[in-house]
Structure formats: C-alpha cells, structure tokens
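This is what each chain is made of:
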Amino acid sequence: MPVKTFRAYWVFYLMLLPASVVLLINNYLPMFGIIIAFKNINLTDGILGSPWIGLDNFTYLFKTNDAWIITRNTLLYNALFIVLNIVIGVSFAIMLNELRSRLLSKFFQSTMFLPYFLSAIVTSYLVFGFLGTEHGFINNTLLPFIGLKPISWYSEPQYWPYILSFVHTWKTIGYSTVMYLAVIIGIDHEYYEAATLDGASKWKQMIHITLPSLVPIIIILALLAIGRIFYTDFGLFFQVPLNSGSLFSTTNVIDTYVYRTFITLGDIGMSTAAGLYQSLVGFVMVFFSNYIVRRINKENALF
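Residues numbered from 1 in each chain as written. Predicted model: local features only at pLDDT ≥ 70, side-chain atom pairs only at ≥ 80, totals over all residues. Heavy atoms only, no water.

Novice: Explain the overall build of the protein here, please?
Specialist: Secondary structure summary: the protein contains 15 helices and 0 strands in total. Dimensions of the protein, computed from the C-alpha atoms along their principal axes, are close to 80 × 75 × 35 Å. Looking at the 303 residues of the protein, the share that counts as buried comes to 36%. In the protein, the share of contacts with a sequence separation of at least 24, taken over all contacts with a separation of at least 6, comes to 62%. Accessible area for the protein stands at about 18900 Å²; split by element, carbon and sulfur atoms hold 70% of it. (Helix = DSSP H or I, 4+ residues; strand = E, 2+ residues; numbered from the N terminus. Buried < 20%, exposed > 50% of the residue type's maximum accessible area, 1.4 Å probe, protein only. Contact = heavy atoms within 4.5 Å. Areas by Shrake-Rupley, 256 points an atom, 1.4 Å probe, with all protein chains shown as cover.)

Here is the structure:
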C-alpha cells in the first residue's frame with residue numbers, strides 16, 4: 001500500500017482497526033486449535049505437549065458407520081432446507097406483495113417472522129406439545145378423531161425427516177420471505193405497467209419480471225447456504241428430537257455428533273477432526289458452487 005494513499009485515508013484505516021482486531025481474535029487466532037485434530041490430547045501435557053498422531057483421528061472417524069450417517073443426514077437435510085426456503089420464501093414474498101391491504105401485509109410478515117426469534121428450547125417444547133405420547137395434541141385429539149392409533153413419535157425415526165423439515169421451514173421462512181419481499185418492492189413499477197399495457201397477465205408478469213429480478217438474491221443466498229451445507233442448526237437436531245437415541249439414524253448430523261463425541265467420550269481430538277472435516281468441505285463447496293455460477297453467468301457470481 002503506497003504511503004501517500006495511507007496518509008490520505010489514515011482516518012478510514014483507523015476506523016477499520018477495531019473491527020480488524022475483533023476479526024483476528026474471533027476468527028483467526030482460534031484456527032490454532034486445528035492442530036488438536038492431529039494430536040492425542042493429554043490435558044496434563046497440554047495442546048503443544050501432547051503427542052502427534054497424524055491422521056489417526058480422521059481414519060477412525062471414517063472407518064465408523066457414523067461418518068456416513070452424519071454426512072448423509074447433514075447434506076440431505078441442508079439441501080432440502082435450501083430448496084424449501086427458496087421455493088416457499090419466493091412464493092410467500094410474491095403473495096404478500098400482491099396484498100393490497102398494508103395492514104394485512106404487515107400482520108402476516110410479523111406473524112411469519114416471530115418463530116425466527118424463538119429459541120431451540122421453546123421450539124422443542126412446542127413440538128413436544130404436539131407430539132408428546134401421553135398429552136400431545138396429535139396423539140390425544142387428532143389421531144383418535146380420524147380413527148388412528150397413537151404414535152410414539154420420539155421412538156419412530158421414519159417420521160423425523162418430515163417433522164424437522166416442517167419445523168425448520170416454520171422457523172426460518174419469515175426471514176427468507178422478508179429478504180425476497182424487499183427485492184420485489186424495489187422492482188421498478190414501470191415494468192409492470194408496460195407489461196399490463198401489452199396485455200400480460202399477473203402470471204406472465206411474475207414469470208418474466210418478478211422471478212428474473214429475484215435471481216441474483218436467490219443465487220447469493222443459495223451460495224451462502226451451500227457454504228454452510230455441512231453446518232446445521234444444532235438446536236433443531238439436538239433439542240427438538242429431545243436427544244432421543246432411537247432417532248439418531250435420521251437426526252444425527254455433524255454438529256450433534258461433535259457435541260456427543262466430546263461430552264460422552266471426552267475425545268477432543270475426534271471432535272476437532274469432525275469439525276475440521278466439516279469446515280474444509282464447506283469451504284470447497286462455496287468455491288465449487290461459485291465456479292458453476294460463474295460459468296453460467298458471471299454477473300450473478302458471488303466473487
């Protein structure tokens with residue numbers, strides 16, 4: 001950086017300094033802990049004094065069935081969540097934009113956004129209120145009403161891909177909808193007026209004006225989500241199923257596996273190896289997805 005440029009803009013660099021320090025402390029210094037994945041941690045000797053074991057933690061991780069299960073669950077759930085958030089979020093945003101009553105529009109936005117602020121604990125109790133074996137609404141009211149027997153929801157893993165997908169969509173759809181709605185509101189109304197004069201129906205206006213205008217924000221949000229495709233909402237997969245062991249085949253993901261490995265076995269090295277695996281794959285996925293987008297349309301690429 002030229003000295004002349006620094007002298008001219010030193011005030012801006014000074015303003016940048018606090019955020020840079022926070023970024024260094026919170027995001028870069030903890031990377032030192034990566035070495036734990038390659039060591040057999042002994043608390044007596046400390047991190048630096050513990051013996052190196054190379055890739056043994058990774059070898060053990062990938063030799064178990066858990067590696068396949070948690071990878072499969074994490075990828076499939078997040079891929080489904082990305083699709084649901086895009087399809088349902090865009091649909092709701094378009095419908096809200098078509099509402100002529102501002103009062104109703106604000107009411108629906110607030111109602112949809114409210115679950116986003118609920119903690120995982122509160123959400124888990126709400127779900128339990130519906131699915132509880134003894135006092136749950138579904139087992140005690142809904143199923144007997146239609147002539148079906150009660151279901152032990154917390155010991156039947158086949159239902160949980162649907163339950164978790166529904167709960168996740170319910171919690172996050174308000175945020176996605178508001179993001180897309182903000183873009184739709186910013187579209188120049190002259191496009192719609194011109195389309196109306198040409199005889200275009202609402203459906204054609206949506207296909208040829210609204211959706212193309214949403215493509216950039218959809219791609220950006222999708223790329224960011226793909227970058228975290230190996231990360232999941234820990235509370236959703238740990239608290240909502242109530243940490244039920246019989247559901248692990250469909251609710252165990254990388255985040256919950258790392259937590260359980262550390263809490264149950266106290267194996268810091270194994271937990272760190274799983275976390276590093278999670279981070280590296282997510283890092284590669286961002287670049288790979290962005291590369292594909294750049295090949296299709298450079299203007300829509302994130303970088």
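Novice: How should the packing of helix H6 (residues 102-113) against helix H9 (residues 160-185) be read in this particular structure?
Specialist: Helix-helix packing: each pair is described by the crossing angle between the helix axes and the interaxial distance. Two elements in contact, H6 and H9, have axes separated by 7 Å at closest approach and are oriented at 140°. Comparing their axes, H9 and H6 come out oblique. Taken together, the residues of H9 that come into contact with H6 (itself represented by Gln109, Met112 and Phe113) are Ile173, Gly174, Tyr175, Thr177, Val178 and Leu181. Looking at the contact of H6 with H9 residue by residue, the class counts come to 6 nonpolar, 3 polar and no charged. (Axes fitted to C-alpha atoms, helices over the stretch in contact; angles between N-to-C directions. Parallel < 35°, antiparallel > 145°, perpendicular 65-115°, else oblique. Nonpolar A, V, L, I, M, F, W, Y, C, P; charged D, E, K, R; others polar.)

Novice: Help me understand the layout of surface pockets in this model?
Specialist: A water-sized probe rolled over the atoms picks out the places where empty space is left. One number sums up the size of the largest pocket: a volume of about 740 Å³. Along the walls of the largest pocket sit 24 residues, with Asn85, His168, Thr172, Tyr175 and Ala225 positioned nearest its centre. It is H9 that contributes the most residues to the lining of the largest pocket, 6 residues altogether. Tallied by class, residues from the lining of the largest pocket come to 15 nonpolar, 6 polar and 3 charged. (1 Å grid on protein atoms, 1.4 Å probe; cavity = no way out; pocket = protein on both sides within 12 Å on 5 of 7 lines; lining within 4 Å. Points joined across faces, edges and corners; volume = space filled by probe spheres on them.)

Novice: Explain the packing of aromatic side chains to me, please; I cannot follow it from the model alone.
Specialist: Any aromatic ring pair is given by two values, namely how distant the centres are and how the planes are angled relative to each other. A full pass over the atoms with the stated rule returns 20 aromatic pairs. Ring centres of tyrosine 77 and phenylalanine 237 lie 4.9 Å apart, and the angle between their planes is 65°; this geometry places the pair in the edge-to-face category. Of this pair, tyrosine 77 sits in helix H5 (residues 65-98) while phenylalanine 237 is found in helix H12 (residues 234-238), placing the two residues 160 residues apart along the sequence. Here the two residues tyrosine 77 and phenylalanine 237 agree in accessibility, since each one is buried. Taking 5.8 Å as the distance between ring centres and 45° as the angle between the ring planes, the aromatic pair formed by phenylalanine 128 and tyrosine 154 counts as tilted. In this pair, phenylalanine 128 sits in helix H7 (residues 120-131) while tyrosine 154 sits in the loop between helix H8 (137-145) and H9, placing the two residues 26 residues apart along the sequence. Given the relative accessible area of 11%, tyrosine 154 is considered buried. Here the aromatic residues Phe113, Tyr116, Phe117 and Tyr175 are joined through ring pairs into a cluster of three or more. (Phe/Tyr/Trp six-rings, centres within 6.5 Å; stacked < 30°, edge-to-face > 60°.)

Novice: Even after reading the chapter, I still don't get the nonpolar core, so can you show me in this structure?
Specialist: When a protein is soluble and globular, its nonpolar side chains tend to lie buried together. Counting 18 residues, the largest nonpolar core has Leu131, Trp153, Tyr154, Trp160, Leu164, Leu236 and Phe237 as the members making the most contacts within it. Those elements that place two or more of their residues in this core are H5, H7, H8, H9 and H12. Here the element with the most residues in this core is H9; it accounts for 4 residues. Not counting the four nearest positions on each side in its chain, tryptophan 153 is found in contact with Leu131, Ile138, Asn139, Leu143, Tyr159, Trp160, Ile163 and Leu247. If you look at the next biggest cluster of nonpolar residues, it comprises 13 residues, including Val90, Ala93, Ile184 and Ile218. (Core = buried A, V, L, I, M, F, W, Y, C linked by side-chain atoms within 4.5 Å.)

Novice: It is not clear to me how the environment of alanine 273 should be interpreted in this structure. Could you clarify?
Specialist: In this structure, alanine 273 sits in helix H15 (residues 268-296). Distance in space between the C-alpha atoms of alanine 273 and isoleucine 151 is 38 Å, their sequence separation being 122 residues.

Novice: Can you help me understand unusual backbone geometry in this one?
Specialist: Note: most residues except glycine have negative phi, and most peptide bonds are trans. A positive phi angle is found at leucine 242, which is not glycine, with a value near 60°. Note that leucine 242 resides in the loop between H12 and helix H13 (248-251). Overall, the relative accessible area of 42% leaves leucine 242 in the partly exposed class.

Novice: Explain the environment of tyrosine 116 to me, please; I cannot follow it from the model alone.
Specialist: Turning to its location among the elements, tyrosine 116 is positioned in the loop between H6 and H7. For the pair tyrosine 116 and glycine 174, spaced 58 residues apart in the sequence, the C-alpha separation amounts to 6.9 Å.

Novice: Teacher, can you tell me more about the side chain of threonine 250 here?
Specialist: Along the polypeptide, threonine 250 turns up in helix H13. Leaving out residues up to four positions away in the same chain, threonine 250 has contacts with Asn73, Tyr77, Pro157, Trp160, Pro161 and Leu164.

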